[in-house]
Amino acid sequence: KQEVTQIPAALSVPEGENLVLNCSFTDSAIYNLQWFRQDPGKGLTSLLLIQSSQREQTSGRLNASLDKSSGRSTLYIAASQPGDSATYLCAVKEQTGANNLFFGTGTRLTVIP
Amino acid sequence: EAGVAQSPRYKIIEKRQSVAFWCNPISGHATLYWYQQILGQGPKLLIQFQNNGVVDDSQLPKDRFSAERLKGVDSTLKIQPAKLEDSAVYLCASSPPGGRRSGNTIYFGEGSWLTVV
């Protein structure tokens, strides 16, 4: 059964710092991997989606990488801002089975002004 | 474009009572999902519909949870009777047509927050 782990569970950084969030998954037979953002009391917003054939995706200050063979992904946030404070979740869609997502437990990020 | 709509946003009930949550997906989205997110955990799929048929309900506690999507559009998730451990956010999501290998992303609603006391 696919298991997704995110480290660290929580992270506090001063404004302006670059940071990396980590995600690992146990079954490398994935179709794609997504990074989501969740603000308190809100649903999930998709940030980046990486297909299994891709190595990275970029959107603004965000860069997500994927190493499928080692079962790892990272989300890099450049020049962090207080508005980046949220919980970041990664999720994988498997190659087989139903078209749903397996989520990690998330990293709660706080950017201190 | 309107997003995934859910109601009610918040509900507090006593254990052994029943509750129902409603979801209206994005127009044209054939696939609808219900996820349960317990505080401090990632969302876990409860049930997935393709139009009005169930694709996956392997994680749905069928002794107390039920869900339907009768006309292939909106959906209702019911819990009866509720237990303390059912306290969670219930997230509805939808995705456009494209089959299992669709690379399209999944769009989430803001969730229905349930507290069982």
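Our subject is the structure that appears above.
This one's a predicted model, so the numbers in the text were calculated from it and none came from an experiment.

> Sorry, what's going on with the overall build of chain A here?
The helix and strand tally for chain A stands at zero helices and eleven strands. Put simply, chain A runs from its N terminus to its C terminus through helices and strands in the order β-β-β-β-β-β-β-β-β-β-β. A compact globule built from 113 residues would reach a C-alpha radius of gyration of about 13 Å, and chain A, at 14 Å, matches this within 12%. With the C-alpha coordinates aligned to their principal axes, the bounding extent of chain A is approximately 45 × 30 × 20 Å. Counting every position in chain A, which comprises 113 residues, the buried fraction comes to 44%. Looking at chain A alone, contacts between residues at least 24 apart form 55% of all its contacts between residues at least 6 apart. Carbon together with sulfur atoms contributes 48% to the accessible area of chain A, which is approximately 5100 Å² in total.

> What's the story with the state of the cysteines in this structure? I'm lost.
One way to say it: the disulfide is the covalent bond shared by the sulfur atoms of two cysteines. Residues and elements named next belong to chain A. As enumerated under the stated definition, the model contains two disulfides over all chains in all. With a sulfur-sulfur separation of 1.9 Å, Cys23 is cross-linked through a disulfide to Cys90. Across the S-S bond linking Cys23 and Cys90, the dihedral sits near 70 degrees, which makes this disulfide right-handed. Of the two residues, Cys23 sits in strand E3 (residues 19-25) while Cys90 sits in strand E9 (residues 86-94), which places them 67 residues apart along the sequence.

> Would you take a moment to explain the interface of chain A and chain B for this structure?
Taken together, the contacts link 25 residues of chain A with 28 residues of chain B. Both faces considered, chain A and chain B share a buried interface measuring about 1900 Å² in area, 48% of it formed by carbon and sulfur atoms. The interface formed by chain A and chain B holds one salt bridge in total. B:Glu110 serves as the salt-bridge partner of A:Lys42, at 3.6 Å between the closest nitrogen and oxygen. The interface formed by chain A and chain B holds three residue pairs in polar contact (both at pLDDT 80 or more) in total. Among the elements of the structure, strand E4 (30-38), strand E5 (44-51), E9 and strand E10 (101-103) of chain A are those that each provide at least two residues to the side of chain A that touches chain B. With five residues, the top contributor of residues to the side of chain A that touches chain B is E4(A). In terms of residue class, the side of chain A that touches chain B is built from eight nonpolar, 14 polar and three charged.

> Where do I start with the pattern of salt bridges in this structure?
This model, assessed by the stated rule, comprises six salt bridges over all chains. Between B:Glu110 and B:Arg9 there is a salt bridge; the shortest N-O distance is 3.0 Å. Of this pair, B:Glu110 sits in the loop between strand E10 (107-108) and strand E11 (112-116) while B:Arg9 sits in the loop between strand E1 (5-7) and strand E2 (10-13), and the two are 101 residues apart along the sequence. Measuring nitrogen to oxygen at the nearest pair gives 3.7 Å for the salt bridge that ties B:Asp57 to B:Lys62. For B:Lys62, a relative accessible area of 52% gives the class exposed. One salt-bridge network, held together by shared partners, links A:Lys42, B:Arg9 and B:Glu110.

> Sorry if this is basic, but what is going on with the packing of aromatic side chains here?
Think of a pair of aromatic rings as described by two things: how far the centres are apart, and how the planes are tilted against each other in angle. Applying the stated criterion across every chain, the model contains nine aromatic pairs over all chains. Judged by centre distance (5.6 Å) and plane angle (45 degrees), the rings of A:Phe36 and A:Phe103 are tilted. Within this pair, whereas A:Phe36 is found in strand E4, its partner A:Phe103 is found in strand E10, the two being separated by 67 residues in sequence. Here A:Phe36 and A:Phe103 have matching classes, each one buried. Considering the side-chain rings of B:Phe21 and B:Tyr90, the 5.5 Å spacing of their centres and the 20 degrees angle between planes classify their relative orientation as stacked. You can see B:Phe21 sitting in strand E3 (residues 19-24) and its partner B:Tyr90 sitting in strand E9 (residues 88-95), a full 69 residues away along the chain.

Definitions and cut-offs
- Residues numbered from 1 in each chain as written.
- Chains lettered and ligands numbered in written order.
- Predicted model: local features only at pLDDT ≥ 70, side-chain atom pairs only at ≥ 80, totals over all residues.
- Heavy atoms only, no water.
- Helix = DSSP H or I, 4+ residues; strand = E, 2+ residues; numbered from the N terminus.
- Rg over C-alpha atoms; globule rule 2.2 N^0.38 Å.
- Buried < 20%, exposed > 50% of the residue type's maximum accessible area, 1.4 Å probe, protein only.
- Contact = heavy atoms within 4.5 Å.
- Areas by Shrake-Rupley, 256 points an atom, 1.4 Å probe, with all protein chains shown as cover.
- Disulfide = S-S within 2.5 Å.
- Buried area = accessible area lost by both parts, 1.4 Å probe.
- Salt bridge = Lys/Arg side-chain N within 4 Å of Asp/Glu carboxyl O.
- Polar contact = N/O pair within 3.5 Å; in protein donor to acceptor, adjacent residues only side chain to side chain.
- Nonpolar A, V, L, I, M, F, W, Y, C, P; charged D, E, K, R; others polar.
- Phe/Tyr/Trp six-rings, centres within 6.5 Å; stacked < 30°, edge-to-face > 60°.

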